[in-house]
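Structural overview
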Amino acid sequence: MFSAGKVVEPKQVICCAPLLCWFKGNSDGAARGTPGLAASGGLFRDYMGNFLCGFSIFLEVDFCFNAELHAVMLMIEFAESKNWFLLWLESDSLLTVAAFQNTS
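Residues numbered from 1 in each chain as written. Predicted model: local features only at pLDDT ≥ 70, side-chain atom pairs only at ≥ 80, totals over all residues. Heavy atoms only, no water.

1. Points about the nonpolar core
Listed in full, the six residues of the largest apolar core are F23, F44, C53, M75, A79 and W84. If we ignore the near neighbours within four places in the chain, the residues touching F44 are K24, G25, N50, F51, L52, C53, M75, F78, A79, W84 and L87. (Core = buried A, V, L, I, M, F, W, Y, C linked by side-chain atoms within 4.5 Å. Buried < 20%, exposed > 50% of the residue type's maximum accessible area, 1.4 Å probe, protein only. Contact = heavy atoms within 4.5 Å.)

2. Focus on a nonpolar patch on the surface
Together, L20, Y47 and M48 line one region of the surface with nonpolar side chains, adding up to about 330 Å² of accessible area. Looking at the secondary structure, you find Y47 in the loop between β4 (36–46) and β5 (51–62). (Patch = residues over 30% accessible without salt bridge, like charges linked within 9 Å, V, L, I, M, F, W, Y side chains within 5 Å. Areas by Shrake-Rupley, 256 points an atom, 1.4 Å probe, with all protein chains shown as cover. Salt bridge = Lys/Arg side-chain N within 4 Å of Asp/Glu carboxyl O. Helix = DSSP H or I, 4+ residues; strand = E, 2+ residues; numbered from the N terminus.)

3. Some details on the environment of F51
Inspection of the secondary structure puts F51 in strand β5. Each C-alpha atom, one on F51 and one on K24, is 9.7 Å from the other, the two residues being 27 residues apart in sequence. Discounting chain neighbours no more than four positions away, the residues touching F51 are L43, F44 and R45.

4. Points about helix α1 (residues 64–81)
Its 18 residues place the ends of α1 26 Å apart at the C-alpha level, agreeing with the 26 Å of an ideal helix rising 1.5 Å per residue. Every buried residue of α1 is listed here: A67, E68, L69, A71, V72, M75 and A79. Against β3 (23–33), β4, β5, β6 (87–91) and α2 (94–101) lie the buried residues of α1. Where α1 ends, the next residue or the one after it, N83, has phi of about 60 degrees, a positive value. (Expected span 1.5 Å × (residues − 1).)

Right under this line is the structure:
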């Protein structure tokens, strides 16, 4: 793979389906610059791995971290609106995961 002038080694990612009656959401956010044009998106799958729905949203000019947070917050709001309370969320942003794990 080629990214911003550097060679990036491919990395294997193993996807696991959630348990029976659970819903799984995968989110991502990105910005082109710091700050720059930003967007968020995500998708939901059921316990059998079937695609349920997805979304993407343009955020205008923002930071990547804000785009990542925005994606996760939208996923939580959408899941609540569908009464999907058994929810497994995944994000590739360590800072976003840490923000939700921090109790203070």
